[in-house]
Amino acid sequence: MILPKFDYKKAEDIASAIALYESSKGQARYLAGGTDLIPLVKLRLSTPVAIIDLKGIKQLKTISREGGHLLIGANVTLFELKNHAMVKEYFPALHESLDATSCETLQMRGTIGGNLLQNTRCLLYNKSLAWRKARGFCYKMGGETCNVVPKAKACFSNYCSANALSLLSLSAGVKIAGPKGERKIKLEKIFSGDGRNPFTLKPGEILTEIHIPLKRSRGAYEKLRVRNSIDYPLLGVAVSVSNKKGRVCVGGIGPAPLIYDLKDLEGAYIKDPAQKARQEAKPVSNTTLSPAYRKKMVDVLTQRAIKRALKEGK
Amino acid sequence: MKTIKVSFSVNGEKATLQVKPYETLLETLRERLDLIGSKEACGMGACGACTVNVDGVPLRSCLVLTPEVNGAAITTIEGLAKDGKLHPLQEAFMEKGAVQCGFCTSGMIMTAKALLDRNEKPTKKEVIKAMSSNICRCTGYKKIIEAVEAASSKREAV
């Protein structure tokens, strides 16, 4: 598939990337691994006048320890992160979700920052322009309707990052740099909950760093998929437990992950978050699996992930 | 739109080109450099038929803009045979019958080469995991896995 015309600019540091963005009058997109962006541009779902390549920024490629946190540069690839000794030792849920992301070749290209900021997906959205024109534009394409649920007021596109779930379960935070300076926020604050524009990042802002509290944890990630490679999650559940406190995150259904605290780690209470998640998850018919099956699997995979997290590392 | 000057090496030979900023590496390889061994199938990074190795890392060339690989060392399927002798992986794919229609083969071999370059003796599980990056619609994968394993053991014998 042929790309539309755009300009290519390479940024040397974060400040110059933001300056390049501002000079494009808000019509540019930042490029890291490109495994999400380039297909979107090919499908004309994104039509930037310029692409600003962030891969040359050395500062974004480092992993370090600082003040009780592990700091991960946004351009660290998923493959590098997966094989990092501290991730394996401290954050098993993250290790599992990285391993379950796509396939090894794309893990070597895709970055953790890009993975978190991937666009939400829908069976009727990730299509060619000709296909979409024939069907009529939906909310997410700037139209006035939802093509999946007629008369719905919202967009039900699914947020498909597996690693966001495990990072949320580990209470991670992110650093964001933009035209108005730098800010640090909790990871859950980047989600707007609106499928049309799923992130709260302002135009020109760059996610530069992810920080995870450095506490040894037990954890697990469960992914519902039809193949064991390359495909996006049709449902994902991440669980991390440390110091008798745990967090359960359910995603792949709707534009933002669901987060639950695991207050008690004894048998009967394991079912609580699983049932709550099943009630609150609202799958619609916008993936290759039926919404009824996905809803059922929320319960199954949540319980499975919690049980595995508690069992492993004991 | 202004073109961009890019120089890199392909299969050991230097190339300096003026490319469009929105040109993919796959287009450059196939249309400017006549290296048509790398194939375009899905064009969306899902199938792996366009895989080439850039600085030793397997890459979907349909997802990479040519300006991104400025200064890199690129190996394509055409660069594997040396002095008229096929690469052990190419030999193994022929011996084991791991090729049917052949459209995925160059991508499969480049993915396998990157695997064997970073891990000389992968376990069967590691081979399956690495090769699951690529899609083949004919062979059923069994013979591809066998071929990669055969190439890895042959390499050790040499």
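Residues numbered from 1 in each chain as written. Chains lettered and ligands numbered in written order. Predicted model: local features only at pLDDT ≥ 70, side-chain atom pairs only at ≥ 80, totals over all residues.

(A) Fine view of the overall build of chain A. On a plain count of helices and strands, chain A comes out with 11 helices and 12 strands. The C-alpha radius of gyration computed for chain A amounts to 19 Å, which stays within 12% of the reference 20 Å derived for 314 residues, consistent with globular compactness. For chain A, buried positions account for 50% of its 314 residues. Intrachain contacts of chain A at a sequence separation of at least 6 include 67% that bridge at least 24 residues. (Helix = DSSP H or I, 4+ residues; strand = E, 2+ residues; numbered from the N terminus. Rg over C-alpha atoms; globule rule 2.2 N^0.38 Å. Buried ≥ 20, exposed ≤ 12 C-beta atoms within 10 Å, placed from the backbone. Contact = placed C-beta atoms within 7 Å.)

(B) Region of the structure containing the interface of chain B and chain A. Facing the 25 residues of chain B at the interface are 23 residues of chain A. At 4 residues, strand β4 (residues 57–60) of chain B tops the list of elements feeding residues into the side of chain B that touches chain A. Its residues assigned to classes, the side of chain B that touches chain A comprises 14 nonpolar, 8 polar and 3 charged. (Nonpolar A, V, L, I, M, F, W, Y, C, P; charged D, E, K, R; others polar.)

(C) Structural detail: the domain arrangement of chain B. All names here are of chain B. The domain architecture assigned to chain B consists of domain 1 (4–79) and domain 2 (88–157). Relative to domain 2, the C-alpha centre of domain 1 lies at a distance of 21 Å. Across the contact, 15 residues belong to domain 1 and 13 residues belong to domain 2. Looking at the side of domain 1 that touches domain 2, the elements that each hand over two or more residues are β3 (51–54) and β4. It is β3 that provides the largest number of residues to the side of domain 1 that touches domain 2, a total of 3 residues. (Domains from an automatic or database assignment.)

(D) Structural detail: helix α5 (residues 92–100) of chain A. Among the 9 residues that make up α5(A), 7 are buried, leaving the element largely enclosed by the rest of the structure. Taken together, the buried positions of α5(A) are occupied by Pro92(A), Ala93(A), Leu94(A), His95(A), Glu96(A), Ser97(A) and Leu98(A).

(E) Local environment of the sheet that holds strand β12 (residues 258–262) of chain A. Residue and element names in this part refer to chain A. If you walk across this open sheet you meet the 4 strands as β9-β10-β11-β12, and the pairing is antiparallel. Unpaired on one side and paired on the other, β9 (218–224) and β12 mark the two borders of the sheet. Pairwise comparison of adjacent strand axes, ignoring direction, gives a mean angle of 10° for this sheet. In this structure, strand β11 (residues 245–251) lies alongside β12, joined through 5 bridges in antiparallel fashion. When the bridges of β12 are listed, Val 250 appears paired with Leu 258. Against the sheet, α5 contacts β9 and β10 (235–242), and its axis sits at roughly 25° relative to β9. Docked against the sheet, helix α9 (residues 162–169) engages β9, β10, β11 and β12, running at close to 25° with respect to β10. (Pairing = 2+ DSSP bridges. Axes fitted to C-alpha atoms, helices over the stretch in contact; angles between N-to-C directions.)

(F) Representation of the pairing of strand β8 (residues 206–213) of chain A in the model. Residues and elements named next belong to chain A. For β8, the buried fraction is high: 7 of the 8 residues fall into the buried class. Pairing of strand β5 (residues 69–73) with β8, which is carried by 5 bridges, proceeds in the antiparallel orientation. Bridge pairing in β8 links Gly 73 to Glu 209. As judged from the 5 bridges shared by strand β6 (residues 173–178) and β8, these two strands associate in the antiparallel manner. Considered in β8, the bridge of Gly 173 is made with His 211.

(G) Fine view of the domain arrangement of chain A. Residue and element names in this part refer to chain A. As far as domains go, chain A holds domain 1 (1–56) and domain 2 (58–117 + 157–311). On a C-alpha basis, the centroid separation for the pair domain 1 and domain 2 is 25 Å. Counting residues at the interface gives 14 residues for domain 1 and 16 residues for domain 2. Sort the elements by how many residues they give to the side of domain 1 that touches domain 2 and helix α1 (residues 14–23) lands first, with 5 residues. Of the residues assigned to the side of domain 1 that touches domain 2, the class counts are 7 nonpolar, 3 polar and 4 charged.

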